[in-house]
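# A closer look at the structure
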Amino acid sequence: MTQTDIDILKGGIYNIKFKLELLSNLYLVEKTLEGTAKSISGNCVSDSDVRRTCTIVINAENTDFIDDDFEIAWLDKLLAPYIGVEHNGTFTYYKLGTFALNTDTSTFDASTNELTLNLLDLMCTGTSARGNQIGTDVIIPVDSNVRNSIISVVSRFMPFKLYDVCEFEDTVPYDLEFSAGVYPYDILDQLMSLYPYYEMYYDVDGIFTVKQVPTGINDPIFLDTNVMDDLIISEGRSGTIGNIKNSTEIWGAELDAMYTATSCISEKTGNMVQYQLVIPYELETIENGSTYSFVPGIVSPTQTYISISGLDEDYRVVDSNGNDLIAGAMVANRSYVVKFVYDSNLESGKFRLQGEQLVHVIVREMNNMPTDEEIAEDKERNDCNDIKYVINPYSPYACDRNGKTIVQGEIRQVLRDGDYAYIYTTQLAYERGAYENYCKARLNTDVELKTVMIPFLDVNKKIKFTSPKTGQVYQYMVKEIDFSPMDFTMTMKLSRFYNAYPWL
């Protein structure tokens, strides 16, 4: 964004032209079609993996584009539409995206030189819409590097392979197995569903992108009041009270185990607990990656160890990320699954707690931490041992706001099946529940703002403007944009940004 861009937007009179580039699968421009568009519309939605769509009806001046190449453009070519705006006698062009044709239903009317195109961004080339099914089984092993796994799928199976993928703190928590016939997007989607704070999409230049979802907390304001206030045409506000949730209950996966203990001998010495699992098999060693289910008889402290009957060694229990176990992570008379992980560099092994055999978690937004008695009552009332409390004393949407008890102020959502069935550990369920509350425990997309078209604005950007309705100044995150280039306007759906609201 430059000062020239701002001057163009504030010009008030907009002389528009369109340009359409036909690109090779290496993103090289092969032909350019220029002319006046009869109609064009498009949108960009932050919560959709196929983020950008565009429909164009254009009066073509260069018919060679159609005669020579158009009949095969939908097979292996890309299309990049631009909107051009005149300023001081020259046109400045802005790219609306890099697209593939969704279908081959485009039409050309020779009497009017009219061409109609229905476009989707390049994520469609990994789905059933335009994608190539994979002819072999695919396995992503446990503890694989997430970034490398994503890049491998894109490089091997996606037709357009430019990428910008961030690092992940975690590794793949369990083997991901896919049968022949799966689409590349299905693999990527299952990987991404494990990590709620990340998003994937193809950007405006056709680059496959994975990054953390912006919280806005440390992000700069992309457009401030000195720009936005001059561009506003109208503002609509509608409270979405029904969308506000301050408690999320997740039913995740039912964990399988290679071995099921017939009994668990529990012994406590000081602050340490030893669980000896009685396995109805004669094991000579504990295999790396092997999993065990058992029912402890004593609540686990931070120093918890497991041994297998018939074997001499015992190993410490840690959480699914390899960190020290939290006291009370396992309670008596519930079934849990652990996985043995051997570190060849340290020449030692540990049992990683995967969670209850049926992953079941509740995450609540709270102004204050409940007392031990309230926590015990909460767990008993909901028959759920794994309850996490996210404390934000400034939240007006907490379960205990205005002195209420948890029960009186709670507005719960229950999530299961679909992506949630892939959540195989309690820790991942905690993270997903905290993220869902972050999205829902505040006003959602309650502002619809119509403005002069801002071609370079993208979703998940932070803007600030003075409300023409209330005169108040607030910050917002852009969640959805609908373009109307013919009248050089756009409509944005915005989510109010609260500086005090925590990510977790």
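Rules used in this analysis
- Residues numbered from 1 in each chain as written.
- Predicted model: local features only at pLDDT ≥ 70, side-chain atom pairs only at ≥ 80, totals over all residues.
- Heavy atoms only, no water.
- Core = buried A, V, L, I, M, F, W, Y, C linked by side-chain atoms within 4.5 Å.
- Buried < 20%, exposed > 50% of the residue type's maximum accessible area, 1.4 Å probe, protein only.
- Helix = DSSP H or I, 4+ residues; strand = E, 2+ residues; numbered from the N terminus.
- Contact = heavy atoms within 4.5 Å.
- 1 Å grid on protein atoms, 1.4 Å probe; cavity = no way out; pocket = protein on both sides within 12 Å on 5 of 7 lines; lining within 4 Å.
- Points joined across faces, edges and corners; volume = space filled by probe spheres on them.
- Lys, Arg positive; Asp, Glu negative; His and termini not counted.
- Salt bridge = Lys/Arg side-chain N within 4 Å of Asp/Glu carboxyl O.
- Polar contact = N/O pair within 3.5 Å; in protein donor to acceptor, adjacent residues only side chain to side chain.
- Pairing = 2+ DSSP bridges.
- Axes fitted to C-alpha atoms, helices over the stretch in contact; angles between N-to-C directions.
- Parallel < 35°, antiparallel > 145°, perpendicular 65-115°, else oblique.
- Nonpolar A, V, L, I, M, F, W, Y, C, P; charged D, E, K, R; others polar.

## A closer look at the nonpolar core
Counting residues in each nonpolar core, the largest one holds 57 residues, and the members touching the most others are Ile150, Phe168, Ile187, Met200, Phe208 and Val210. Sorting elements by how many residues they give to this core places helix α3 (residues 146-157) first, with six residues. Apart from the residues lying within four places of it in its own chain, the contact partners of Phe168 are Val146, Arg147, Ile150, Met192, Tyr195, Tyr198 and Val210. Counting residues in hydrophobic clusters, the runner-up holds 45 residues, among them Leu33, Phe99, Leu119 and Met228.

## Overview of the layout of surface pockets
Of the voids in this model, the second largest pocket is the one considered here, and its volume is about 580 Å³. Of all the secondary structure elements, the ones that give two or more residues to the lining of the second largest pocket are β23 (348-356), α6 (372-382), β25 (387-391) and α8 (426-440).

## Points about unusual backbone geometry
Even without being a glycine, Asn88 presents a positive backbone phi close to 55°. By the element assignment, Asn88 lies in the loop between β4 (78-87) and β5 (90-95). Here the phi dihedral of Phe488 falls at roughly 55°; this positive angle occurs in a residue that is not glycine. What makes Phe488 buried here is its relative accessible area of 2%.

## Looking at the side chain of Asp400
Looking at the element boundaries, Asp400 is found in the loop between β25 and α7 (406-409). Of the side chains bearing the opposite charge, Arg401 lies closest to the buried Asp400, which forms no salt bridge; the N-O distance is 7.4 Å. A distance of 2.6 Å separates the side chain of Asp400 from the backbone nitrogen of Asn367, its partner in a polar contact. A distance of 3.1 Å separates a polar atom in the side chain of Asp400 from the backbone nitrogen of Asn368. Look past the residues within four positions of Asp400 in its chain and what remains in contact with it is Glu365, Met366, Asn367, Asn368 and Thr405.

## A few points about the sheet that holds β25
In spatial order, the strands read β25-β24-β15-β26; together these four strands make up an open sheet with mixed pairing. The strands lining the two open edges of the sheet, one partner per strand, are β25 and β26 (412-416). Between one strand axis and the next, the sheet turns through 20° on average, direction left out of account. By the bridge criterion, five bridges tie strand β15 (residues 247-254) to β26 in an arrangement that is parallel. Across the sheet, the residue bridging to Trp251 is Arg416, located in β26. Against the sheet, α8 touches β15, β24 (358-366), β25 and β26, its axis set at about 35° to β24.

## With respect to the packing of α3 against helix α4 (residues 184-193)
The interhelical angle for the contact between α3 and α4, taken along N-to-C directions, is 170°, at an axis separation of 10 Å. Classified by the angle their axes make, α3 and α4 are roughly antiparallel. Facing Ser149, Ile150, Val153, Val154 and Phe157 of α3, the residues of α4 in contact are Pro184, Ile187, Leu188, Leu191 and Met192. Among the residues forming the contact of α3 with α4, the class breakdown is nine nonpolar, one polar and no charged.

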